[in-house]
Amino acid sequence: MKIGIITYWDSPNNYGQVLQGFATEYLLRKLGNTPFIIRFGREDNLCTNIDPWRKKIMRVLKGERTILQIIKRRLAQKQEDVNRGFDDFRNQYMSYTSDYYPNFESLKKKCPEADCFVTGSDQVWASFGAMDTHRCFLLDFLPDWKPRFSLSSSFCRTSMIEEHKKLFKHCLSKYLAISVREVSGLKLCESIGVKAEHIIDPTLLLSKSEWQKALPFDNQKNEGRRRVFFYVVTLDKTQPYLYKLMHQFEERGYEVIYCHSYNFLDGKRNCDPTILEWLSYINTSDLIVTNSFHGFAFSVNFNTPFIALSKSKKIDINGQDSRMYSVLSGMGLENRLMAVSDVNYILDHAFEEIDWQKANNYFEKQREKATVYLDDVLNLAYQMISKHAKMEIN
């Protein structure tokens, strides 16, 4: 069955974004399908009425950023200026539509040819973006009879405005099945009268051995000097603590490798790895320190010791840190989520023993659950396609 996937796909620097798309394709192909990702441009977002400077002023007033931080961002070099080989990876290991779809109207006018469609993982149902962008991620450009489902889609929020509630209820009612990445997503679906299942991120649905067979990254542990790999996706208010942590590990004799996927380049970084190099660092380092969901997800999956840092100064399990907390709590590893501002605590607990068997058992159960989910929804899709074909003949 030919399956079209809509998700985030075009980042030049977000490793998790690309790898969750790869994992979704891998899982569907493993079940005998021919999946591809839709090259959707989200250009409807460019038409939103909120002035960029108004957004900046609002963030300053809310205390989310300082004026100095905004000035630094304006002057900083952008991530796009560094070639990490993401396009090379996509071209070699993934499948995409030949056509580019800039907005909702382009998808509505000329929908990609597929038997079934899936809303993929990542923050596809988050609060940001134009209404027509939400409609795309909700597959509202499809005819009503076309089979559709979601796989580990993320809301990345705990509430919705009324306008979103109406749209999501209307669109999700057409889905054969819905699965969300976080437990908090189940509550949101329930609040709009939609049934959903909890399925963990696609990158975790592949075992370490499957990743090793699928992609050629290094498996040999670092010899000689011990290494700590820092991977960070947000920086605004946490830089001083991160720099202090790096310095402290260096003082203790560790080699510190620092990579980030922030919008603007940090001059203190010392690494801009390709995707395969990034996977190698996670697999072969002695410790991973990260505030990225996928950074910690691959660390746990590869059984590499890790510290999951809060995205802000303090831990917020109902907000920015909910994605990491959702998975960690399922494995009984909540203690690995630490406040970035508590540097001494992090240093004291960095190398505490982790019960990997408990984590691996959790993943095995989740993978079995996901396989059942996919088998069931794909069978429903086949039935729906067959029924529509018979109606067309008649």
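Residues numbered from 1 in each chain as written. Predicted model: local features only at pLDDT ≥ 70, side-chain atom pairs only at ≥ 80, totals over all residues. Heavy atoms only, no water.

1. Some remarks on the side chain of D44
Structurally, D44 can be placed in the loop between strand 2 (34-40) and helix 2 (52-62). In this structure D44 is buried but unpaired, with R135 as the nearest side chain of opposite charge at 8.0 Å. Of the polar contacts made by the side chain of D44, one reaches the backbone nitrogen of F104; its length is 2.9 Å. When neighbours within four sequence positions are excluded, D44 is seen to be in contact with P102, N103, F104, A130, D132 and T133. (Helix = DSSP H or I, 4+ residues; strand = E, 2+ residues; numbered from the N terminus. Buried < 20%, exposed > 50% of the residue type's maximum accessible area, 1.4 Å probe, protein only. Lys, Arg positive; Asp, Glu negative; His and termini not counted. Salt bridge = Lys/Arg side-chain N within 4 Å of Asp/Glu carboxyl O. Polar contact = N/O pair within 3.5 Å; in protein donor to acceptor, adjacent residues only side chain to side chain. Contact = heavy atoms within 4.5 Å.)

2. What to know about helix 14 (residues 322-331)
With seven of ten residues buried, helix 14 is to be regarded as a mostly interior element. Three or more residues of helix 14 are buried, namely S322, R323, M324, S326, V327, L328 and M331. Where helix 14 terminates, the next one or two residues include G332, which has phi positive at roughly 70°.

3. A word on the sheet that holds strand 9 (residues 255-260)
An order of 9-8-10-11-12 is seen for the five strands of this open sheet, with the pairing classed as parallel. Here the strands that pair on one side only, and so sit at the sheet edges, are strand 9 and strand 12 (337-338). Bridge count between strand 10 (residues 287-290) and strand 11 (residues 306-309): three bridges; the pairing is parallel. Its bridge partner being in strand 11, I288 is matched across the sheet by F306. Lying on the sheet, helix 12 (residues 275-284) is in contact with strand 8 (227-232), strand 9 and strand 10; it crosses strand 8 at an angle near 130°. (Pairing = 2+ DSSP bridges. Axes fitted to C-alpha atoms, helices over the stretch in contact; angles between N-to-C directions.)

Shape is all these values report; function is a separate question.
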